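# Structure at a glance
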Amino acid sequence: MRRLDEYRPIIGDKKLAEIYKKIRKLYNKRIIHLNSTFMGGGVAEILSSLAPLMNSAGLSADWRIIHGNPDLFNITKKFHNALQGDSINLTQIKKNLYIQASENFAVYANLNYDVVIVHDPQPLPLIDFYKKNQPWIWRCHIDLSNPHTELWDFLKGYILRYDLTILSNESYVKKDLPVEQKIVQPVIDPLTPKNMPLNNAMIKKYLKKFGVPTDKPLLTQISRFDKWKDPVGVIDVYKKVKQKIDCRLVLCGSMASDDPEGMKIYEKVKQRANNLITSGDIILITHENNILVNALQRISAVIIQKSIREGFGLTVTEALWKEKPVVASRVGGIPLQIDDEKGGYLLAPDDNDGFVDRIVELMKNPALGHQMGKYARENVRNKFLITRLLRDYLDIISYELGNYNLY
Ligand code: UDP
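Below is a short write-up of the structure. (Residues numbered from 1 in each chain as written. Predicted model: local features only at pLDDT ≥ 70, side-chain atom pairs only at ≥ 80, totals over all residues. Heavy atoms only, no water.)

What follows is about the overall build of the protein chain. Counting secondary structure elements, the protein chain contains 16 helices and twelve strands. Its C-alpha radius of gyration of 21 Å places the protein chain within 12% of the 22 Å reference for a compact globule of 407 residues. Considered along the principal axes of its C-alpha atoms, the protein chain spans approximately 65 × 55 × 40 Å. Every one of the 407 residues in the protein chain was classed for burial, and the buried ones make up 58%. Expressed as a percentage of contacts within the protein chain between residues at least 6 apart in sequence, the contacts between residues at least 24 apart total 73%. For the protein chain, the exposed area adds up to about 16900 Å²; of that, 49% sits on carbon and sulfur atoms. The average position of the 57 basic charges and that of the 46 acidic charges among the side chains of the protein chain differ by 4 Å. (Helix = DSSP H or I, 4+ residues; strand = E, 2+ residues; numbered from the N terminus. Rg over C-alpha atoms; globule rule 2.2 N^0.38 Å. Buried < 20%, exposed > 50% of the residue type's maximum accessible area, 1.4 Å probe, protein only. Contact = heavy atoms within 4.5 Å. Areas by Shrake-Rupley, 256 points an atom, 1.4 Å probe, with all protein chains shown as cover. Lys, Arg positive; Asp, Glu negative; His and termini not counted. Charge placed at Lys NZ, Arg CZ, Asp CG, Glu CD.)

Moving on to the site of the ligand. In the vicinity of the ligand, 19 residues are found, and the nearest of them are Lys 194, Arg 224, Lys 229, Ser 254 and Glu 318. Interatomic distance of 2.7 Å between a side-chain N/O atom of Lys 194 and an oxygen atom of the ligand. Separating an oxygen atom of the ligand from a backbone N or O atom of Thr 315 is a distance of 3.2 Å. For the ligand, whose unbound accessible area comes to 530 Å², protein coverage reaches 91%. Breaking the shell around the ligand down by element, the ones donating at least two residues are α3 (42-57), α11 (290-299) and α12 (314-321). Element by element, the count of residues in the shell around the ligand is highest for α12, at three residues. Taken together, the residues of the shell around the ligand sort by class into four nonpolar, eight polar and seven charged. (Near = heavy atom within 4 Å. Polar contact = N/O pair within 3.5 Å; in protein donor to acceptor, adjacent residues only side chain to side chain. Nonpolar A, V, L, I, M, F, W, Y, C, P; charged D, E, K, R; others polar.)

If you walk through the whole model with that rule in mind, you get 32 salt bridges. Across the pair Lys 132 and Asp 163 runs a salt bridge whose closest N-O atoms are separated by 2.9 Å. With a gap of 31 residues between them, Lys 132 in the loop between β3 (115-119) and β4 (136-139) and Asp 163 in the loop between α6 (149-159) and β5 (164-167) connect regions that are remote in the sequence. Among the residues examined, Lys 132 registers a relative accessible area of 25% and is labelled partly exposed. When salt bridges with common partners are traced through the structure, they connect Lys 216, Lys 242, Asp 246 and Asp 281 into a single cluster. (Salt bridge = Lys/Arg side-chain N within 4 Å of Asp/Glu carboxyl O.)

Summarising burial for α12: eight of the eight residues are buried, a large majority. Burial in α12 covers these residues: Leu 314, Thr 315, Val 316, Thr 317, Glu 318, Ala 319, Leu 320 and Trp 321. Positive phi appears at Glu 323, one or two residues downstream of α12, with a value of about 60 degrees.

The strand order across the open sheet formed by six strands is β9-β8-β7-β10-β11-β12, and the pairing between neighbours is parallel. Of all strands in the sheet, those with a lone pairing partner are β9 (282-285) and β12 (345-347), marking the two edges. Across the sheet, the mean angle separating the axes of adjacent strands is 20 degrees when strand polarity is ignored. Both strand β10 (residues 302-305) and strand β11 (residues 326-329) contribute to a ladder of three bridges, which runs parallel. When the sheet's bridge partners are listed, Gln 305 is paired in β11 with Ala 328. Lying on the sheet, α11 is in contact with β7 (218-222), β8 (248-252), β9 and β10; it crosses β7 at an angle near 140 degrees. (Pairing = 2+ DSSP bridges. Axes fitted to C-alpha atoms, helices over the stretch in contact; angles between N-to-C directions.)

Before going further, it helps to spend a moment on the state of the cysteines. With the rule as written, the count across this model stands at zero disulfides. The thiol of Cys 252 is unpaired, and the distance to the nearest cysteine sulfur, on Cys 247, comes to 17 Å. (Disulfide = S-S within 2.5 Å.)

Structurally, Asp 281 is set in the loop between α10 (275-278) and β9. Polar side-chain contacts of Asp 281 include one of 3.4 Å to the side chain of Lys 242.

With that settled, consider the nonpolar core. Met 54, Val 326, Ile 338, Leu 389, Leu 390, Tyr 393 and Ile 397 are the most contacted members of the largest nonpolar core, which has 49 residues in total. When residues in this core are grouped by element, the largest group, eight residues, is from helix α16 (residues 386-403). Beyond its immediate chain neighbours, meaning those up to four positions away, Met 54 contacts His 33, Leu 59, Ala 61, Leu 390, Tyr 393 and Ile 397. Core analysis: the second largest hydrophobic core is formed by 40 residues, Ala 82, Tyr 113, Leu 126 and Leu 167 among them. (Core = buried A, V, L, I, M, F, W, Y, C linked by side-chain atoms within 4.5 Å.)

On the basis of which strands lie adjacent, the open sheet formed by six strands has the order β2-β1-β3-β4-β5-β6 and parallel pairing. The open sheet has two edge strands, β2 (60-65) and β6 (181-183), and neither has a second partner. Adjacent strand axes in the sheet meet at a mean angle of 20 degrees, parallel and antiparallel pairs treated alike. As defined by bridge partners, β3 adjoins β4 across four bridges and the pair is classed as parallel.

What follows deals with the packing of α12 against helix α15 (residues 366-383). When two helices pack together, their arrangement is given by the angle between the helix axes and the distance between those axes. The geometry of α12 relative to α15 is characterised by a closest axis approach of 7 Å and an angle of 120 degrees between their N-to-C directions. By the angle between their directions, the pair α12 and α15 is classed as oblique. Relative to α15, the crossing made by α12 is left-handed. On α15, the residues that touch Thr 317, Leu 320 and Trp 321 of α12 are Gly 373, Ala 376, Arg 377, Val 380 and Arg 381. Of the residues that constitute the contact of α12 with α15, the class distribution is four nonpolar, two polar and two charged. (Parallel < 35°, antiparallel > 145°, perpendicular 65-115°, else oblique. Left-handed = near helix turned anticlockwise from the far one by under 90°.)

So, on to the packing of aromatic side chains. In this structure the tally under the stated criterion is nine aromatic pairs. Between Phe 154 and Tyr 158, the aromatic rings sit 5.8 Å apart at their centres with planes inclined by 85 degrees, giving edge-to-face as the arrangement. Taken together, the residues span about one helical turn, with Phe 154 and Tyr 158 both in helix α6 at a distance of four residues. With a relative accessible area of 15%, Phe 154 lands in the buried category. Tyr 158 sits in the buried class, given a relative accessible area of 7%. We note Lys 182 situated over the ring of Tyr 399; from NZ or CZ to the ring centre the distance is 4.1 Å. One residue, Lys 306, lies across the ring of Phe 355, its end atom 5.5 Å from the ring centre. (Phe/Tyr/Trp six-rings, centres within 6.5 Å; stacked < 30°, edge-to-face > 60°. Lys NZ or Arg CZ within 6 Å of the ring centre and 35° of its normal.)

Below is the structure:
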């Protein structure tokens, strides 16, 4: 388990001492995180760092997964899309299956903790199946700016019982939700295999293992095969870039176990890429491998993130931490991370020609990319590292326990 003091060389003495101070009144407080998958996607990524770090800091933190069958994950995927603006046929059957998953979980999972933190909509109804005698926090990682009205109203029935909702972005705050709402921006862990420093030998080894040649500059998007990440649009952009500069495209997207749509999108991508896959110009990777992601982010000339919608966009943070120039859509949390023209480029998601121009510019002028990357890394150091998230949670937990007189 990583210890908090291992972050000292990265964040400095002052920030570390602040955390030690905050933790003093919380020693051994029992915290549970609940979500729906151990692997794939940003939530699992954050929890796999945060829960151990909370323990190392002196809390007693746990992480559990709500079990579900494919039906549940089909429904919650639809919920996820509808919360981000899609339509949905919200039948009673869907609602029942969704609620049933929480009821089943409650039969065998004891939640005898000082604070319960529920991530995203999947485990939201759990609150109805426990005798609530502690703070419950709903941590929503998705873009809530334009949710499907009927679905939002249904979910709100549960959220109303929560003590606090945490959102990733100011623009997701819901005026019609009379529950306290706080903004906590996501972060990355600089010491995980995904973000730790890698030497060239290691980078080469991993690229070779996964069949990625390095004879030409690489343009890379790391993202689940999900329509909101617009992998098909990335291929269209790449085709135009390739007319101006010879390079390869890597699309690396693991299949999350709670994402049944991945395969469909992957097939669409394959069709669009067609003969460029056989020629080796477009490389599709579906393996989940953190060191590979790290290596790809470090070796690429340019990172693209062409999302149509985005909760926060951890892949952007990861690339910026590695001093890479990122060309990305101005959506969700991405503009919080990229200072346009200083630490990367921001564009409208449908501005394919804009993407092409910026990518070509950066490929032709690596010094510019390097300068942007250096600037961007310091921004990540100040705002988006796991130690900042730990500090935010310590403040929130203290505040909530204070409200219950549970110190
Ligand atoms: N990720 C990964 N392998 C992949 C694709 C994504 O490890 O093939 C990771 C990625 O590095 C990042 C997370 O999954 O840490 C995705 O988080 P993000 O906020 O970008 O998007 P989400 O998937 O949560 O919508």
